[in-house]
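Geometric and topological summary
In case you want the letters, here they are:
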Amino acid sequence: MNRSEGLVQRRNVVKENSDGTQKENHDDDKKNDKNYDDGDSKETRLTLMEEVLLLGLKDKEGYTSFWNDCISSGLRGCILIELGLRGRIELERAGMRRKGLLSRKVIVKADSPTGDVLLDEALKHMKETEPPETVQSWIEYLSGETWNPMKLKYQLKNVRERLAKNLVEKGVLTTEKQNFLLFDMTTHPLTDNVVKCRLVKKVQEAALRRSITDVAHADKRSLALLMLAHSADVLENAFAPLSDEDYELATRRVRALLDLDFEAEAMRPDACEIMWAVFAAFTK
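An unreviewed UniProt entry annotates the protein chain as Golgi phosphoprotein 3 originating from Iphiclides podalirius. Check the Subcellular location (unreviewed entry) section of the UniProt entry for the protein chain; it says "Golgi apparatus membrane". Per its UniProt entry, the protein chain bears the Sequence similarities (unreviewed entry) comment "Belongs to the GOLPH3/VPS74 family."

Have a look at this one:
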């Protein structure tokens, strides 16, 4: 899953319980869920999965590039980080021997519904799996890229189509049928260009912001979006409109992020260890 080489090639073109403890835990979950979008509350709120897919979709054609073989695993990485940022999953303790990020197992911290079907489906798999698995394993299981036939049951199917339908419901995309010689394919062209432009601008501004490489103070969601867009090979779509000078600066900042010591960054106070483990899996 190595994405660090050849970063970009520029082209011209609930139930309420009487138990006080449980209620308090649900309140914590709600706080985490409120943090899933850092934009204005009046704006269309998108998950990391929806943002990465939207970056990868061709506006008029309504489908992702046939040559992109990274977006499938990239979207599964989005799911893990989204669950981590929402406080549903975490990594097991490092222990006295300081086990590395990719050796530590994913633990379900809270299993209350997130309100997103894909997230809840993945969370259900993780909760029911004994013994727990690593981040690297979950990316492979959820995407179906495993040689173990006993693990194929964990594959999340039709992820792109399900995410696209979410975006249709949010008024960002529409649904059409296109004929490709031998078969018909459902496509989802863009209808709300404002949301897409806002997303592209957010990615560009995040990369051009000097503070993005100071990860101790950087916004976690912006950082995750940049790294996940790179892992899914859709970052170029956001950077292409930039001027030559800004393009070079943005790509240099992303390279600097890829060169970080993920193990060290995960040890910082308030760090989302799941996020850094996903980054490590994609740059392994």
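Two side chains with opposite charge may pair up if their charged atoms get near one another. Under the criterion given, the structure shown has 13 salt bridges. Here Lys201 and Glu205 are joined by a salt bridge, their closest N and O atoms 3.9 Å apart. Linking Lys201 with Glu205, this pair stays in helix α7 (residues 193-208), spanning four residues, or about one helical turn. A salt bridge links Arg268 to Glu265, with the nearest nitrogen and oxygen atoms 2.5 Å apart. With a relative accessible area of 8%, Glu265 lands in the buried category. Each of Glu82, Arg86 and Arg221 takes part in a single network of salt bridges with overlapping partners.

If you check helix α3 (residues 71-85), its first and last C-alpha atoms are 20 Å apart, about what 15 residues at 1.5 Å a residue would give, namely 21 Å. Buried residues dominate α3, accounting for 15 of its 15 residues. Positioned one or two residues after α3, Gly87 has a phi angle of 75°, which is positive.

Membership of the largest hydrophobic core comes to 78 residues, with the highest contact counts inside it found for Leu80, Val135, Leu226 and Phe239. Among the elements that take part in this core, helix α12 (residues 273-282) stands out by supplying nine residues, more than any other. The contact partners of Leu226, leaving out residues within four places of it in the chain, are Val203, Ala206, Ala207, Ile212, Leu235, Phe239, Val254 and Leu257.

What sets the pattern is the α-helix's 3.6 residues per turn: residues three or four places apart point alike. Buried residues of helix α6 (residues 159-169): Val159, Leu163, Ala164 and Leu167, and no others. For α6, the angular spread of buried residues about the axis comes to 130°, placing them on one side. Buried residues belonging to α6 abut α2 (48-56), α3 and α4 (117-128). Just downstream of α6 lies Gly171, where phi reads positive at about 80°.

On to the side chain of Arg104. Position of Arg104 among the secondary structure elements: in the loop between β1 (89-91) and β2 (106-108). Given a relative accessible area of 4%, Arg104 falls into the buried group. One polar contact links Arg104 to Glu273, side chain to side chain, over a distance of 2.9 Å. Ignoring sequence-local partners within four residues, the contact set of Arg104 consists of Leu91, Glu92, Arg93, Ala94, Lys99, Thr134, Val135 and Glu273.

The subject of this paragraph is unusual backbone geometry. Look at the link from Glu130 to Pro131: it is a cis peptide, with omega at -5°. You can see Pro131 is positioned in the loop between α4 and α5 (135-143). Even without a glycine there, the phi angle at Asn158 is positive, about 55°. As for its position among the elements, Asn158 is in the loop between α5 and α6. The residue Asp233 is not glycine, and still its phi comes out positive at about 60°. Along the polypeptide, Asp233 turns up in the loop between α8 (220-231) and α9 (235-239).

The subject of this paragraph is the packing of aromatic side chains. In the structure shown here, the tally under the stated rule is seven aromatic pairs. With a centroid separation of 5.2 Å and an interplanar angle of 20°, the aromatic rings of Tyr63 and Phe66 are classed as stacked. For Phe66, a relative accessible area of 55% puts it in the exposed group. Their ring planes at 85° and their centres at 5.3 Å tell us that Trp276 and Phe279 sit as a pair that is edge-to-face. Of the two residues, Trp276 and Phe279 are both situated in helix α12; the distance of three residues between them amounts to about one turn of the helix. Residue class for Phe279 comes out buried when judged on its relative accessible area of 2%.

Scoring rules and cut-offs
- Residues numbered from 1 in each chain as written.
- Predicted model: local features only at pLDDT ≥ 70, side-chain atom pairs only at ≥ 80, totals over all residues.
- Heavy atoms only, no water.
- UniProt positions renumbered as here; feature names shortened; annotations may be inferred.
- Salt bridge = Lys/Arg side-chain N within 4 Å of Asp/Glu carboxyl O.
- Helix = DSSP H or I, 4+ residues; strand = E, 2+ residues; numbered from the N terminus.
- Buried < 20%, exposed > 50% of the residue type's maximum accessible area, 1.4 Å probe, protein only.
- Expected span 1.5 Å × (residues − 1).
- Core = buried A, V, L, I, M, F, W, Y, C linked by side-chain atoms within 4.5 Å.
- Contact = heavy atoms within 4.5 Å.
- Arc of directions from axis to C-beta.
- Polar contact = N/O pair within 3.5 Å; in protein donor to acceptor, adjacent residues only side chain to side chain.
- Phe/Tyr/Trp six-rings, centres within 6.5 Å; stacked < 30°, edge-to-face > 60°.

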